Amino acid sequence: MWNTTSRLSQWLPASTLLFLAACSSPSGPASAPARMEGAVSTVHSPGRKLTLKFGLSADGQPTYQLQFGSKTVVQPSRLGLLLQNQPGLDQDFTIARLDSSQHDDTWAPVWGEVKSIRNHYKELAATLTQEAKGDQKARRLVVRFRLYDDGLGFRYEFPAQPGLTYFTVQDERTEFNLPADHKAFWIPGDYDSNEYAYVTSRLSEVDTAPIEVIQQKAAPHTVQTPLMLKSDDGLYVNIHEAALVNYPAIMLNVDTKGFGLSSQLVPDATGAKAYLQAPEHTPWRTIVVADNAPAVLASKLILNLNEPTTLTETSWIKPQKFVGVWWEMHVNKAGWNYADTSNIKLAGTDWTKLKPTGRHGANTANVKRYIDFAARHGLQSVLVEGWNVGWEDWAGNWKEEVFDFVTPYPDFNVTELQQYAASKGVKLMMHHETSSAVTNYERRQEEALRFMKQHGYDAVKTGYVGRIIPRGEHHDGQWMVNHYNRTAANMARQQIVVDMHEAVRPTGLHRTYPNWLASEAARGNEFNAWSSGNPPEHETILPFTRLMGGPMDYTPGIFQIQLESWNPGWNKGRQVHTTLTKQLALYVTLYSPLQMAADLPEAYNQHLDAFQFIKDVPVDWDDTRILLAEPGEFITTARKAKGKDEWYLGSITDENAREQTVKLDFLTPGVQYQATIYADAADASWDDNPMAYQIRRQPVDRNTVLPLKLAAGGGTAVSIKPVSK
Ligand code: NOJ
Ligand code: CA
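Now for a quick tour of the structure. (Residues numbered from 1 in each chain as written. Chains lettered and ligands numbered in written order. Predicted model: local features only at pLDDT ≥ 70, side-chain atom pairs only at ≥ 80, totals over all residues. Heavy atoms only, no water.)

**What to know about the overall build of the chain**
- Within the chain, the regular secondary structure consists of 14 helices and 36 strands.
- The C-alpha atoms of the chain give 25 Å as radius of gyration, which agrees with the globular expectation for 725 residues (27 Å, within 12%).
- For the chain, the proportion of its 725 residues judged to be buried stands at 64%.
- Long-range contacts, defined here as pairs at least 24 residues apart, represent 72% of the contacts in the chain between residues at least 6 apart.
- For the chain, the distance from the average site of its 70 positive side-chain charges to the average site of its 80 negative ones is 3 Å. (Helix = DSSP H or I, 4+ residues; strand = E, 2+ residues; numbered from the N terminus. Rg over C-alpha atoms; globule rule 2.2 N^0.38 Å. Buried < 20%, exposed > 50% of the residue type's maximum accessible area, 1.4 Å probe, protein only. Contact = heavy atoms within 4.5 Å. Lys, Arg positive; Asp, Glu negative; His and termini not counted. Charge placed at Lys NZ, Arg CZ, Asp CG, Glu CD.)

**Quick word on the packing of helix H6 (residues 364–377) against helix H7 (residues 414–424)**
- Contact geometry of H6 with H7 gives a least axis separation of 10 Å together with a crossing angle of 15°. When the axes of H6 and H7 are compared, the pair comes out roughly parallel. Considering only the axes of H6 and H7, their crossing is right-handed. Of the residues in H7, those touching H6 at Thr364, Val367, Lys368, Ile371, Asp372 and Ala375 are Glu416, Leu417, Tyr420, Ala421 and Lys424.
- Here the residues of the contact of H6 with H7 sort into 6 nonpolar, 1 polar and 4 charged. (Axes fitted to C-alpha atoms, helices over the stretch in contact; angles between N-to-C directions. Parallel < 35°, antiparallel > 145°, perpendicular 65-115°, else oblique. Left-handed = near helix turned anticlockwise from the far one by under 90°. Nonpolar A, V, L, I, M, F, W, Y, C, P; charged D, E, K, R; others polar.)

**Looking at the nonpolar core**
- Ranked by size, the top nonpolar core spans 201 residues in total, and within it Tyr64, Leu66, Phe145, Phe158, Ile287 and Trp327 carry the most contacts.
- When residues no more than four places from it in sequence are discounted, the contact partners of Phe158 are Leu81, Leu89, Leu141, Leu164, Phe167, Leu276, Ala278, Pro279, Glu280, His281 and Thr282. (Core = buried A, V, L, I, M, F, W, Y, C linked by side-chain atoms within 4.5 Å.)

**A few points about the sheet that holds strand S34 (residues 693–700)**
- The strand order across the open sheet formed by 6 strands is S29-S30-S31-S36-S33-S34, and the pairing between neighbours is antiparallel. Strands with a single pairing partner mark the edges of an open sheet, and in this sheet they are strand S29 (621–630) and S34. Averaged over all adjacent pairs, the angle separating strand axes in this sheet is 15°, with direction ignored.
- Summarising the sheet, S29 and strand S30 (residues 634–641) pair through 8 bridges and their orientation is antiparallel. Each residue of the ladder has a partner; that of Asp623, found in S30, is Lys640.
- Sheet contacts for helix H12 (residues 580–589): S30, strand S31 (647–653), strand S33 (673–680), S34 and strand S36 (715–722); angle to S31, the most-contacted strand, approximately 125°. (Pairing = 2+ DSSP bridges.)

**Thoughts on helix H9 (residues 478–493)**
- In this model, H9 (16 residues) spans 23 Å end to end at C-alpha, consistent with the 22 Å of a helix rising 1.5 Å per residue.
- For H9, the set of buried residues is Gln478, Met480, Val481, His483, Tyr484, Asn485, Thr487, Ala488, Met491 and Ala492.
- Among the structural elements, strand S19 (274–277), helix H8 (438–454), strand S25 (459–463), strand S26 (497–501) and strand S27 (516–519) are those in contact with the buried residues of H9.
- Gln495, located one to two residues past H9, shows a positive phi value of around 55°. (Expected span 1.5 Å × (residues − 1).)

**Focus: the pattern of salt bridges**
- One pass over the structure, following the stated rule, counts 40 salt bridges.
- When the shortest N-O distance is used, the salt bridge between Lys133 and Asp92 registers 3.7 Å. Of this pair, Lys133 sits in the loop between strand S7 (117–130) and strand S8 (139–148) while Asp92 sits in the loop between strand S5 (81–83) and strand S6 (94–107), and the two are 41 residues apart along the sequence.
- For Asp92, a relative accessible area of 43% gives the class partly exposed.
- Note that Arg285 and Glu241 form a salt bridge whose closest N and O atoms lie 3.0 Å from each other. Remark: Glu241 occurs in strand S16 (residues 236–242) and Arg285 occurs in strand S21 (residues 284–290); sequence separation between them is 44 residues. For the pair shown, Arg285 and Glu241 are each scored as buried.
- Salt bridges sharing partners connect three or more residues here, namely Glu123, Arg144, Arg146, Arg155 and Glu157. (Salt bridge = Lys/Arg side-chain N within 4 Å of Asp/Glu carboxyl O.)

**Thoughts on the packing of aromatic side chains**
- Considering all chains together, one arrives at 27 aromatic pairs under this definition.
- With a centroid separation of 5.3 Å and an interplanar angle of 65°, the aromatic rings of Phe613 and Tyr678 are classed as edge-to-face. Of this pair, Phe613 sits in helix H14 (residues 608–616) while Tyr678 is found in strand S33, placing the two residues 65 residues apart along the sequence.
- Judged by its relative accessible area of 0%, Phe613 falls in the buried class.
- Owing to a relative accessible area of 1%, Tyr678 belongs among the buried residues under this scheme.
- Taken together, Trp336, Trp391, Trp394, Phe403, Phe405 and Tyr441 form an aromatic cluster joined through their ring pairs.
- Lying across the ring of Trp398, Arg471 places its NZ or CZ 5.6 Å from the centre.
- A cation sits over an aromatic face here: Arg574 above Trp570, 5.3 Å from the ring centre. (Phe/Tyr/Trp six-rings, centres within 6.5 Å; stacked < 30°, edge-to-face > 60°. Lys NZ or Arg CZ within 6 Å of the ring centre and 35° of its normal.)

**Remarks on the site of ligand 1**
- The environment of ligand 1 is made up of 14 residues, and the closest members are His330, Glu385, Glu433, Lys461 and His501.
- For ligand 1, the accessible surface in isolation is 290 Å², of which the surrounding protein chains cover 100%.
- Along the lines of polarity and charge, the residues of the shell around ligand 1 split into 4 nonpolar, 3 polar and 7 charged. (Near = heavy atom within 4 Å. Areas by Shrake-Rupley, 256 points an atom, 1.4 Å probe, with all protein chains shown as cover.)

**What to know about the pairing of S31**
- Where burial is concerned, most of S31 is hidden: 7 out of the 7 residues are buried.
- Along S31, one buried face is formed by Trp647, Leu649, Ser651 and Thr653 and the opposite face, lined by Tyr648, Gly650 and Ile652, is buried too.
- Between the antiparallel neighbours S30 and S31 lie 5 residues, among them Gly643 with a positive phi of about 70°.
- Bridging between S31 and S36 involves 6 bridges; their strand directions are antiparallel. Following the sheet pairing, Ile652 is matched in S36 by Gly715.

Here is the structure:
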């Protein structure tokens, strides 16, 4: 039932998809477990929860091993890299020196789930040397480990040295040899997309072949990170990366027989992985480990491994809620395109001469309607997609000159809307769909940002649908990784906040670029509009996988669950696979500083009592408590509003109805609060009766135990505000 009818199959011809599928390359399983010989260094995490061992194998391969108490997280596993036209940095090493240190400080994120973050780790830096051989001079490689109580990060560093200056990484040898056939929550490795529904299986059962390709799948046993694992002896393990800079994304090849994971880097157009110049280093490889699921969601390891921002003035960075001329296109009530044609040349076309479709969503009057709605309900901004020329033939043609990002359609009055929005105290959010013609976007970005500033825009949603130009590059390769990071930096210089769709999945870089508020890089709510959709368990897995690296623009808040009413012919039988109040709970369980109220104003006007929760819920927090969680089953999270003694609770379930009790013992002692509980009605369920809800109020304090009753595919949202005396 949940087979992917992909976004691209909506927008690309089937022949292209078949071609892309045929490009998938095979890859071998991880090799037999490594063995450490001779001296082994041992590091304990600050609270001694985790133990790292590092040493060399008999042939001088760097090897590590990780324990959680007496349980093995990673068995001895190889490290290293293979280079093009040079001997590998994976063997024949001796240990030149070992430097140990520790670090403990606390820092404040510009926005986030908590107001301060402790960065407490033990570090081991192993300097390894290879002797000169023939023409090859001696070389040095540093492997730096940071061991926290909730996991391990490590990376390769290439110091400046005569024997290694310019080099090309052909493959990374990093392995994660797991001790057993864990349960895994995975999506297929794809060089260009993460927009898949998750599969839950044993590692031995990982097989991506039957899954319909979204863009370009890697080998049949290759999966994306973050990869979430659960062992039979109760360990929760999450493997990902931090600070992906100047390097391709990593994917993991699963050895379905021996449960080893080996690395696969996303290639460039020539098959190479990364072009580097010493001194340089790779991203951190991360392994978050805990003996309970909530602790994985609470981990700040990935953020801690990213560099602090260099921005000193950040008051212009505003977490925000927004509405948009958007869902009406996804449910096919309106279109992005203005003209009734599918053959356009950007240069020389006079759009005023073309026949309009009559269903263009981004027209001045309609945008004003959204501005009015945002102003009435205190939402900060309005996204408008389809405002600029080029949507007539934007997808599937691998065409370079599609959009110029500065020319509005004839029925979208930039100046009038700028003035109207300003008069209502609302901001407009820019949309830059690049159609993956990234060379074109790079040429035009400076002018596009100038246009934004001139017209009062200081937020932009970017998008990368389709195949990348430069042709042969991938969304998750080194060239594009550099593009996303450069774009975030360009935007920061102009004091613009950004939300990237179809970009590489995040790795905590929002610490470094706090104006990079969110990314998509997973299967968003929009899949419910035009595909078989997202199964009810989907949102209980996302925080354990995609969200480990950073916030997602999931676009929650769909109230009109049955979609037929928007366009009866097209949306027959289609629905969102949750109840209405689960959509509310997502504002708490899926953290983002940028949250869309994704439905149409007319849908919200029917349920203004429930919409109150979306109006109230903050997007920036002082504190977060993960109260109950199990990947694929349920998540219950409470968060304290920034600078206020107000709490918000979200609880969601998969396709199973559940009853839970939550203690409100996080509330301030001696304070009385009123809870407003937005719950599924007694007879609600995601498939039969998804829009039935009840709202009730009750006094609560820190001794209250709140019973929650979640419908199948349902959820509860609660706001808890102090009672004023
Ligand atoms: C895909 C994005 O995820 C979606 O939000 C957007 O509306 C379309 N591309 C068009 O840019
Ligand atoms: Ca998308």
